[in-house]
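Next come the chains, spelled out residue by residue.
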Amino acid sequence: GLTDRLVAAAFLRRHTGDETVKVLLSLARDPEPAVAAAALARLVELDPGHVLPLLDAVLASPDAAVRGHGVEVLFRRPDAPRVRLLADRLADPH
């Protein structure tokens, strides 16, 4: 349930390793924004590159916190296409 997924994301805040990243990537796809945002926060801390495969979905999220983690990835991993994506997000009121 939701509580289990939230607890999993919270517990993984202090873990590293391939298995941790695998679980966090799964949680980052969660339909509940609180779960996805918690997982994305840890993925960005570990390595913003972990979020790149999810970037389109993260930036398209209706949740501002989830989108914010996507913007953080764009900021930390700039290249020409990502700078354009970042510029497109400047109009986001959140």
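Remember, it's a predicted structure, so these values are computed and weren't measured experimentally. What you see as residue numbers is a count from 1 along each chain, following the sequence as written. In keeping with the predicted nature of the model, local features appear solely for residues at pLDDT of at least 70, side-chain atom pairs appear and are counted solely at 80 or more, and the whole-chain, interface and lining totals rest on all residues. To get the side-chain values, all heavy atoms of the structure are used, and hydrogens and water are removed first.

A.B. asks: Break down the overall build of the protein chain for me, with residues and values.
C.D. replies: Per the secondary structure count, the protein chain includes 6 helices and 0 strands. Counting from the N terminus, the helices are the DSSP runs of H or I reaching at least four residues and the strands are the DSSP runs of E reaching at least two. In the protein chain, the order of α-helices and β-strands from amino to carboxyl end is α-α-α-α-α-α. Within these notes, the globule rule equals 2.2 Å times the number of residues to the 0.38 power, and the radius of gyration is based on C-alpha atoms. Compactness check: the protein chain gives a C-alpha radius of gyration of 13 Å against a globular reference of 12 Å for 94 residues, within 12% of the reference. On the principal axes, the C-alpha backbone points of the protein chain span a range of 35 × 25 × 15 Å. Contacts are assigned to residue pairs with any non-hydrogen atoms lying within 4.5 Å of each other. For the protein chain, restricting intrachain contacts to residue pairs at least 6 apart in sequence, the fraction spanning at least 24 positions comes to 53%. For every accessible area listed, the method is Shrake-Rupley and the probe measures 1.4 Å; residues are considered covered only by the protein chains on display. Carbon together with sulfur atoms contributes 58% to the accessible area of the protein chain, which is approximately 5,600 Å² in total.

A.B. asks: For the packing of helix H5 (residues 64–76) against helix H6 (residues 80–88), give the residues involved together with the corresponding values.
C.D. replies: Look at H5 against H6: their axes get within 9 Å of each other, and the N-to-C directions meet at 140°. Taken together, H5 and H6 sit at an angle that is classed as oblique. Crossing of H5 against H6: the hand is left-handed. Residues Val71, Leu74 and Phe75 of H5 pack against Arg82, Leu85 and Leu86 of H6. Split by residue class, the contact of H5 with H6 holds 5 nonpolar, no polar and 1 charged. Axis angles are defined between N-to-C directions and span 0 to 180 degrees, where every axis is a line fitted to C-alpha atoms and, for a helix, only to the segment in contact. Roughly parallel refers to an angle under 35 degrees, roughly antiparallel to one over 145, roughly perpendicular to one between 65 and 115, and oblique to any angle outside these ranges. Each crossing gets its hand from how the near helix is turned against the far one by less than a right angle, where anticlockwise is left-handed and clockwise is right-handed. Gly falls in the polar group here, along with every residue not listed as nonpolar (Ala, Val, Leu, Ile, Met, Phe, Trp, Tyr, Cys, Pro) or charged (Asp, Glu, Lys, Arg).

Any functional reading would require information that these geometric values do not contain.
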